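# Understanding the architecture of this molecule
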Amino acid sequence: MSYTKNKDTGTFSDLVLNRRSIRRYTGEIISEKKLNQIVDAGLLAPSSRDRKSAEMILVTDPEMLGRLSEVKAGTASMLTEAAAAVVVIGDREKSDMWIEDCAAAMIQMHLQAFALGIGSCWVQCRGRKTADGRDSDEAVRELMHYPDRFSVEAILSIGMPDEKKSGYYLETLDRSRAHKEIF
């Protein structure tokens, strides 16, 4: 049976089958209400021992978005055309699971953006470098002014989609990656 939108049993399945990373945006402004809904989804994400170590910095200033596009070599250029971005940082003192907490926040914001008809793309920063070889965390910290106990995980670029991508189909999943009982 092939997947057909609206024939699935629930809206969450629709989200995971149809959400795609969007890297081209129309330039249309996104309402503050919708941006807040996306950030709220990140704030509501599960976290290890409920420590809530992930924090978000919403950026809408076009000049700052342009500067953020330079914090990672090669693949952050979509930020120059984004309507907004959410910089996701983790408090290393609050939880040793800050990376996982930030990742959970990122995926929830991805799904919320898609549910609102907004495109988004994960720009990985932790463990990455700028084009001139600086640590991405150092470059983002310089722009965002967060305290030393925080580290950047990623940036979620957000914008109205200027590209269409088809969803995924359940029958095309590589089920050899899913194991039962033992590997």
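Data block above holds the structure.
Described below are features of the structure shown in this document. Remember, predicted model here, so these are calculated numbers, not experimental data. (Residues numbered from 1 in each chain as written. Predicted model: local features only at pLDDT ≥ 70, side-chain atom pairs only at ≥ 80, totals over all residues. Heavy atoms only, no water.)

## What about the overall build of the chain?
Rule in force here: Think of it this way: any DSSP run of H or I at least four residues long counts as a helix, any run of E at least two long counts as a strand, and we number them from the N terminus. The buried label applies to any residue whose accessible area, calculated with a 1.4 Å probe on protein chains only, is under 20% of its type's maximum; exposed applies above 50%, and partly exposed to all values in between. Per-residue and other accessible areas were derived by the Shrake-Rupley procedure at a 1.4 Å probe size, with only the shown protein chains allowed to occlude residues.
Helix and strand content of the chain: five helices and four strands. Going from the N terminus to the C terminus, the chain shows its helices and strands as α-α-β-α-β-α-β-α-β. Viewed in the frame of its principal axes, the chain has a C-alpha envelope of about 50 × 45 × 30 Å. Across the 183 residues of the chain, 44% fall into the buried class. Total accessible area on the chain stands at roughly 10,500 Å², and carbon and sulfur atoms take up 51% of it.

## Digging into unusual backbone geometry
Residues other than glycine seldom take positive phi values, yet aspartate 50 does so here, at roughly 55°. Position of aspartate 50 among the secondary structure elements: in the loop between helix H2 (32–43) and strand S1 (54–59). In the Ramachandran plot, glutamate 181 falls in the positive-phi region, its phi being about 70° despite a non-glycine side chain. Within the element layout of this structure, glutamate 181 appears in the segment after strand S4 (150–159). A residue is classified by how much of its surface remains accessible, and glutamate 181, at 73% relative accessible area, is exposed.

## Comments concerning helix H4 (residues 98–115)
Our working rule: Multiplying one less than the number of residues by 1.5 Å gives the expected span of a helix. Note on contacts: a residue pair is in contact if any heavy atoms of the two residues lie within 4.5 Å.
An ideal rise of 1.5 Å per residue puts 26 Å on 18 residues; H4 measures up with 26 Å between its terminal C-alpha atoms. Against helix H1 (11–18), H2, S1, strand S2 (84–91), strand S3 (119–124) and S4 lie the buried residues of H4. Positive phi shows up at glycine 117, right after H4, with a value of about 80°.

## Focus on the sheet that holds S2
How we decide: Two strands make a pair as long as DSSP finds a minimum of two bridges between them. As a rule, the C-alpha atoms of each element are fitted with a line to give its axis, helices using only the stretch in contact, and angles between N-to-C directions run from 0 to 180 degrees.
Across the sheet, which stays open at both edges, the four strands sit in the order S1-S2-S4-S3 with antiparallel pairing between neighbours. The open sheet terminates on both sides in strands that have one partner only, identified here as S1 and S3. Neighbouring strand axes in the sheet, compared pairwise and without regard to direction, differ in orientation by 25° on average. Relative to S4, S2 runs antiparallel, the two sharing eight bridges. Paired with glycine 90 across the bridge in S4 is serine 151.

## Comments concerning the pattern of salt bridges
To keep it simple, the criterion reads: By definition, a salt bridge exists where a carboxyl oxygen of Asp or Glu is found within 4 Å of a side-chain nitrogen of Lys or Arg.
This model, assessed by the stated rule, comprises seven salt bridges. We note a salt bridge from glutamate 138 to arginine 134, for which the minimum N-O separation is 3.9 Å. Note that glutamate 142 and arginine 134 form a salt bridge whose closest N and O atoms lie 3.3 Å from each other. On the basis of relative accessible area, glutamate 142 is assigned to the partly exposed category, the value being 48%. Owing to a relative accessible area of 27%, arginine 134 belongs among the partly exposed residues under this scheme.

Nothing here speaks to function; it is geometry throughout.
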